[in-house]
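# An overview of the molecular structure
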Amino acid sequence: MDVNTDSLLAEQKKLLAELETLIGYRFTDLRLLQKALIHSSYAFEKGQAGEDNQLLEFLGDAVLDLVIGNLLYDRYPDLREGDLTRFRASLVNETNLALMARSVELGRFLCLGKGEDAGSGRNKSSILSCAFEAVIGAVFRDSGYLSVAELVEALFVASLEEKKNDLQLADAKSRLQELLQETFNEAPTYRLVGEEGPSHCKQFSVAVVFRDKVLGTGLASSKKEAEQRAAALALKQWQADPAGD
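Figured I'd write up the structure that's included with this text. In this text, all values refer to a predicted model and were calculated from it rather than measured experimentally. (Residues numbered from 1 in each chain as written. Predicted model: local features only at pLDDT ≥ 70, side-chain atom pairs only at ≥ 80, totals over all residues. Heavy atoms only, no water.)

## Some details on unusual backbone geometry
Positive phi, close to 60°, is recorded for Asn185, a residue that is not glycine. With respect to the element layout, Asn185 can be found in the loop between helix 10 (172–184) and strand 1 (189–196). Under the relative-accessibility criterion, Asn185 is labelled exposed at 68%. Backbone geometry places Asp212, a non-glycine residue, at a positive phi of 65°. (Helix = DSSP H or I, 4+ residues; strand = E, 2+ residues; numbered from the N terminus. Buried < 20%, exposed > 50% of the residue type's maximum accessible area, 1.4 Å probe, protein only.)

## Considerations on the nonpolar core
If you look at the biggest cluster of nonpolar residues, it comprises 50 residues, and the most contacted ones within it are Phe27, Leu37, Leu106, Phe132 and Phe156. When contributions to this core are tallied by element, the ones reaching two or more residues are helix 1 (5–23), helix 2 (30–36), helix 4 (54–75), helix 5 (81–92), helix 6 (94–103), helix 8 (125–143) and helix 9 (145–170). By residue number, the principal contributor to this core is helix 8, which donates nine residues. Discounting chain neighbours no more than four positions away, the residues touching Leu106 are Leu19, Leu37, Ala101, Leu128, Ala131, Phe132 and Val135. (Core = buried A, V, L, I, M, F, W, Y, C linked by side-chain atoms within 4.5 Å. Contact = heavy atoms within 4.5 Å.)

## Details of the pattern of salt bridges
Counting across every chain of the model gives 15 salt bridges. In this structure, Asp83 engages Arg86 in a salt bridge whose closest nitrogen and oxygen atoms are separated by 2.7 Å. A residue pair is termed a helical-turn pair when its members lie 3 or 4 positions apart in one helix, as Asp83 and Arg86 do in helix 5 at three residues. You can call Arg86 partly exposed: its relative accessible area is 37%. Of the charged contacts, one joins Glu195 and Lys202 as a salt bridge, the two residues approaching to 3.6 Å between their closest N and O atoms. Relative accessible area serves as the criterion here: at 43%, Glu195 is assigned to the partly exposed category. One salt-bridge network, held together by shared partners, links Arg80, Asp83, Arg86 and Glu178. (Salt bridge = Lys/Arg side-chain N within 4 Å of Asp/Glu carboxyl O.)

## A look at the sheet that holds strand 3 (residues 213–220)
Spatially, 1-2-3 is the arrangement adopted by the three strands of the open sheet, whose pairing is antiparallel. With one partner strand each, in any of the chains shown, strand 1 and strand 3 form the two edges of the open sheet. With strand direction ignored, the average angle separating the axes of adjacent strands in the sheet is 20°. Pairing analysis gives seven bridges linking strand 1 to strand 2 (residues 203–210), with the strands arranged antiparallel. By the bridge assignment for strand 2, Tyr190 is matched with Val208. Docked against the sheet, helix 10 engages strand 1, strand 2 and strand 3, running at close to 15° with respect to strand 2. Across the face of the sheet, helix 11 (residues 223–240) comes into contact with strand 1, strand 2 and strand 3 while running at roughly 135° to strand 3. (Pairing = 2+ DSSP bridges. Axes fitted to C-alpha atoms, helices over the stretch in contact; angles between N-to-C directions.)

## Points about the environment of Glu133
Position of Glu133 among the secondary structure elements: in helix 8. Relative accessible area serves as the criterion here: at 9%, Glu133 is assigned to the buried category. Put simply, Glu133 and Ala62 are 71 residues apart on the chain and 8.9 Å apart in space, counted from C-alpha to C-alpha. Apart from the residues within four sequence positions on either side, Glu133 is in contact with Leu56, Glu57, Gly60, Asp61, Leu64 and Leu97.

Treat this as a map of the structure, not an account of what it does.
The following block contains the structure:
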């Protein structure tokens, strides 16, 4: 039997209504949502390769970049362009989009080929992230930018501060070095000041030092993370007292 969106729609109308409730959006044209859920393996198996969600995925990818970019521009006007670019990338990568897909149980609603279904395709991050983009593309086609913006904000906003903090922590060393080199034309150094705990569960204490002065100390289960935490503390203290008084 060939893929036919209308026949699938008739079969899965109740399921689609459940998904609409989960994502918080009602479609004017429910066929768009149905199309967004058709994986290429299902379309190929039914003899209609190409009648899948890939074009909606392409559209959704572009729309997400725009919507997330605008959301971050509005919420974090203090961040620099490079920081905003990295922030957006952390939100629209495969891992995070798959997380968003799982938050609305998207895997349950996918139309997959038998082989993909048997191979745990409903929980594959690659499939889930692409399907999520396709759903975003479907919402955009159904009613435009504002509806997508509302949906994205509802799904993403809870994790924005956590993502921002993670990003700033991960980038703390490079930002501190850039700041000190711009100001003093010198870079900081990192010094291991302590280790504690058993070998399988060590905690490392690292200090970031500049001109024989400790700017911050970090404690973590790895030296690298301890260095990042020390740098993050140094940046925080610098913002509070740039002169170091």
